[in-house]
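# Observations on the model geometry
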Amino acid sequence: MNNGKFMVRKAAVLGAGVMGAQIAAHLVNASVETMLFELSAEQGDPIATVAKAVENLKKQDPAPLSVPGKATSILPANYAQHLELLKNCDIVIEAIAERMDWKSELYKKIAPHLAEHAIFASNTSGLSINELAMAFPENLRRRFCGIHFFNPPRYMHLAELIACAESDTVMLDDLEAFLVTYLGKGVIRAKDTPNFIANRIGVFSMLATMHHAREFGLRFDVVDALTGPLIGRPKSATFRTADVVGLDILAHVINTMRETLPDDPWHQYYVVPAWLQVLIDSGALGQKTRRGVYQKVGKEIHVLDLARNEYVFSQGKADDGIKELLKRKNPAEKLAELRANPHPQAQFLWAIFRDVFHYCAVHLEAIADNARDLDLAMRWGFGWNQGPFELWQGAGWSRIRGWINEDIASGKSMGEAPLPEWVKQAGQGSNGGENGDITWGVHTTQGSYAPSSNTYRPRSALPVYRRQLFPDRLLDEQEQYGTTIFETGAVRMWHTGAGCGAEGIVDDGIAILSFKSKMHTIGSDVLDGVQKAIEEAERNWRALVIWQTEPPFSAGANLQKATERMKSTEPPSALEVLAKKLRKTAQSAVLKAARSLNLADTLMAGKLAEVEAMVAQFQQTSQSLRYSMVPTVAAVDGLALGGGCEFVMHCDRAVTTLESYIGLVEAGVGLLPAGGGCKELALRASQGAKDGDPFPLLRNYFQSVATAQLAKSAEEARELGYLRGADQVVMNRFELLYVAKAQARALAEVGYRPPLKARNIPVAGSTGIATIKGLLVNMREGGFISEHDYLIGTKIAHVMCGGELTPGSVVDEDWFLELERAAFIELLATEKTQARVEHTLKTGKPLRN
């Protein structure tokens, strides 16, 4: 941190295994040069083992690196030759195998080489930090702690921070600030207990699920159908998660709990199931060995059937009645019906909820400071939509407590330990609500319950959290998004302080615009709202930030709004109904493009003139963002597709989270960008041209657009030309608005003036078009693209090269915008583009015709 106390110029990671290499990758994602250590290779180049690990980072999916080029900042090293270089490192993270003896031996070896100011941390997933600290000289223990990253480190938000008895408090605070801002983590301070917080609860949840699956006779794939998104957990659910983690790793964690928690009331359940041990002994370790609970046979997924002791085709699903029950929004009704329903699947679900609630209540004081830390650990580390205490409290604290007590008394619960006394105290009182006690429990507006002090603990007061204007909120933490300036059905313009209207300038004078449409798609009503916001900002505010209260930034243009008033009174077509259904489940970028365009009813009605009018309106809005008299900043998190990407490109500055997926993807459904995207890339190619020739850059931009390439990180978006050099990347999504406002403020402070309109843009012209056509012809003749792909490519080339002009001719921005509109409508009018859109909406897959 650049606060005079702790600055990280260089880091080292010890251990080039799966986690060590990926931690190193995320450090270089954050622009921290990192040394990656491993044992010397037995033969040949001593650093060959590390070099291979770094090379493998480029091939993994999901990618640990934001862009492959970041790998050059990982410096291979070995313990025999390079320990002396540790003196140059500000932080050293150990990530070798989970063996206490191996770690202790390594610590003794590297301790003499550490800089006095350096922080040394173990990435252990559950070994005792205090016991590990004993391997260090006493004077170094103040700089030692545990940092438990979750796999994969780039994508999982949680990092558990565990102190040893001698850890320096200031060091821990500085380290937390570094992890939060520079690595983008949600930091939870865990107590030094086996497996800490998230793994302790998460692994028990898996054990409870396995226990009750056997009790109720449910096959593994049925359990996964029940314990995934239907109950607010990841698609990998239970047994697919075990395969991804590694069955051997899961067994190790279970055995660690058994060995280190002999007095735990649930100790008898800390046993690796016999079927799991058989799989491990046979080498079936899950995803990494291509066989575990599941295996892929050809294109089919098969699952282990314990009753038959063989793999069978996976077709397990939740009962239709149970699925309907789980769709209920009211958690009190949902859990009550699960408990009362005699269906085995309902009883199974109630049992795993009850036992996790019970376990968390008994162990909260031992493993975490407060209930918020436990709930956030499960959300950030295991991907649960709600933490256990949130769900319990939302369903009625006292009612659930009573049911747990009944099940303990009747022997239905896995554990016999009574609920702690504080559970009763937390449920006392009534607010007169529907359930009498629904707002009573561990989370209140004052804070979250901490059993050790019998108080409700507010959030951390560390300065780094001032950067999170709207942190990840919990149940009963009401989110108030500032003061409204104006609001329509499509957008809301607001500010975080008193603002600078008639009352005079107060606060920072930065106005914020948020969309209200589904997936933040952009229809004519949103365009009207953006135009109105720009006008309001120019009158009364210093700058305008576009930021959404939840991701994505925008899934793109929504043309349905342009045609709603033109639609007949006939019932919606089957295509429209299906499209609406698919919008809830589509995953591919191409489908998102089709969904965001929402063209089905437009095509059915044939109202192309209405579409052209909206395209013109879109272009005007993009240009208004570019030439506003106040600075405009796009604050991007998640998807920014099509028209959303075009808005980003036209703002004065973009501030994006690393996990922003940006692209002009219209070609995937047979169209081209027409909200100024092609124009903007042509302009950027002109501005970046060497020797006055824009074509080399333009050719790369053409490839991105013609292949509907979606950037898999903000850094890749920069490489593809969607982001500029001055655009900023933020590692923590909860700091996005803070940084975006700071950028807007900085632009305003220097006496902002909009850029001069580009009136002399040199074009690649006919020669550029011919060159690209030549490439397309070769691809068509080779069978790589279809005739319609060729047409789409030539239209994109025609627009981006400025039309059939003499190379070097100069045009203005309006010229490109006219070409965009014309080409978009020409493609939209073709039967094959219409077929692509319809097919994509029907099937969720692209059509090559």
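Residues numbered from 1 in each chain as written. Predicted model: local features only at pLDDT ≥ 70, side-chain atom pairs only at ≥ 80, totals over all residues. Heavy atoms only, no water.

## Examining the overall build of the protein
How we decide: Helical segments are the DSSP runs of H or I of at least four residues, strand segments are the runs of E of at least two, and each set is numbered from the N terminus. Only C-alpha atoms enter the radius of gyration, while the globule expectation follows 2.2 Å times N to the 0.38, with N the number of residues. Note on exposure labels: buried denotes an accessible area under 20% of the residue type's maximum, exposed denotes more than 50%, and partly exposed covers the range between, all computed with a 1.4 Å probe on protein chains only.
From N to C terminus, the protein includes 32 helices and 23 strands. Against the 2.2 N^0.38 benchmark of 29 Å for 849 residues, the protein shows a C-alpha radius of gyration of 29 Å, consistent with a compact globule. In terms of its C-alpha atoms, the protein occupies a principal-axis envelope of roughly 80 × 70 × 65 Å. Out of the 849 residues belonging to the protein, those deemed buried represent 58%.

## Here we look at unusual backbone geometry
With an omega dihedral of 5°, the bond running from aspartate 61 to proline 62 counts as a cis peptide bond. Among the secondary structure elements, proline 62 is positioned in the loop between α2 (48-57) and β3 (74-78). A cis amide bond, omega 0°, links asparagine 151 with the succeeding residue proline 152. Along the chain, proline 152 falls in the loop between β6 (144-149) and β7 (158-163). Residue asparagine 195 is not a glycine yet carries a positive backbone phi of 65°.

## Let's talk about the nonpolar core
What counts here: In this text, buried Ala, Val, Leu, Ile, Met, Phe, Trp, Tyr and Cys residues form a nonpolar core when linked through side-chain atoms within 4.5 Å. Only heavy atoms matter for contacts: two residues are in contact if any of them lie within 4.5 Å across the pair.
Counting 118 residues, the largest nonpolar core has Phe389, Trp392 and Trp422 as the members making the most contacts within it. The greatest single-element share of this core, amounting to 13 residues, is contributed by helix α13 (residues 344-367). In this structure, tryptophan 422 is in contact with Ala361, Leu364, Phe389, Trp397, Val442, Tyr449 and Pro451, ignoring residues within four places of it in sequence. With 86 residues, the next largest nonpolar core counts Leu513, Phe647, Leu671 and Phe695 among its residues.

## Notes on the side chain of glutamate 160
Basically, it comes down to this: None of His or the chain ends enter the tally, which takes Lys and Arg as positive and Asp and Glu as negative. Between Lys or Arg on one side and Asp or Glu on the other, a salt bridge is scored when a side-chain nitrogen of the former is within 4 Å of a carboxyl oxygen of the latter. Two N or O atoms form a polar contact when they lie within 3.5 Å of each other; inside protein one atom must be a possible hydrogen donor and the other a possible acceptor, and for residues adjacent in sequence the pair counts only when both atoms belong to side chains.
With respect to the secondary-structure elements, glutamate 160 resides in strand β7. In this structure, glutamate 160 is buried with no salt-bridge partner, the nearest side chain bearing the opposite charge being arginine 200 at 10 Å. In this structure the side chain of glutamate 160 is engaged in a polar contact, spanning 3.1 Å, whose partner is the backbone nitrogen of isoleucine 197. Ignoring anything within four residues of it in the chain, the contact list for glutamate 160 reads Gly146, Ile147, His148, Phe150, Ile188, Ala190, Phe196, Ile197 and Ala198.

## Quick word on the sheet that holds strand β19 (residues 632-641)
Note the cut-off: One bridge is not enough; two strands pair if DSSP finds at least two bridges between them. Each axis is a line fitted through C-alpha atoms, taken for helices only over the stretch in contact, and angles between the N-to-C directions span 0 to 180 degrees.
Read across the open sheet, the seven strands follow the order β15-β16-β17-β18-β19-β20-β21; overall the sheet is mixed. Bordering the open sheet on either side are β15 (483-487) and β21 (728-730), each of which pairs with just one other strand. Neighbour-to-neighbour, the strand axes of this sheet turn through a mean angle of 25°, independent of strand direction. Strand direction decides the pairing type here: β15 and strand β16 (residues 491-495), joined by four bridges, are antiparallel. Considered in β16, the bridge of threonine 484 is made with tryptophan 494. Sheet contacts for helix α18 (residues 524-540): β15, β16, β17 (510-515) and β18 (543-547); angle to β16, the most-contacted strand, approximately 25°.

## So, the environment of aspartate 472
Summarising the element assignment, aspartate 472 is placed in the loop between β14 (455-457) and β15. Between the C-alpha atoms of aspartate 472 and arginine 733, which are 261 residues apart in sequence, the distance is 9.7 Å. Not counting the four nearest positions on each side in its chain, aspartate 472 is found in contact with Leu376, Arg379, Trp380, Arg459, Glu477 and Phe734. Only 2.8 Å separates the side chain of aspartate 472 from the side chain of arginine 379, close enough to count as a polar contact.

## Thoughts on the environment of arginine 141
Relative to the helices and strands, arginine 141 resides in the loop between α4 (129-133) and β6. Overall, arginine 141 belongs to the buried group, its relative accessible area being 11%. When the C-alpha atoms of arginine 141 and valine 739 are compared, they prove to be 35 Å apart, with 598 residues separating the residues in sequence. In contact with arginine 141, not counting residues within four places along its chain, are Ala133, Met134, Phe136, Cys164, Glu166 and Ser167. For arginine 141, the side chain forms a polar contact with the main-chain oxygen of alanine 133, separated by 3.2 Å.

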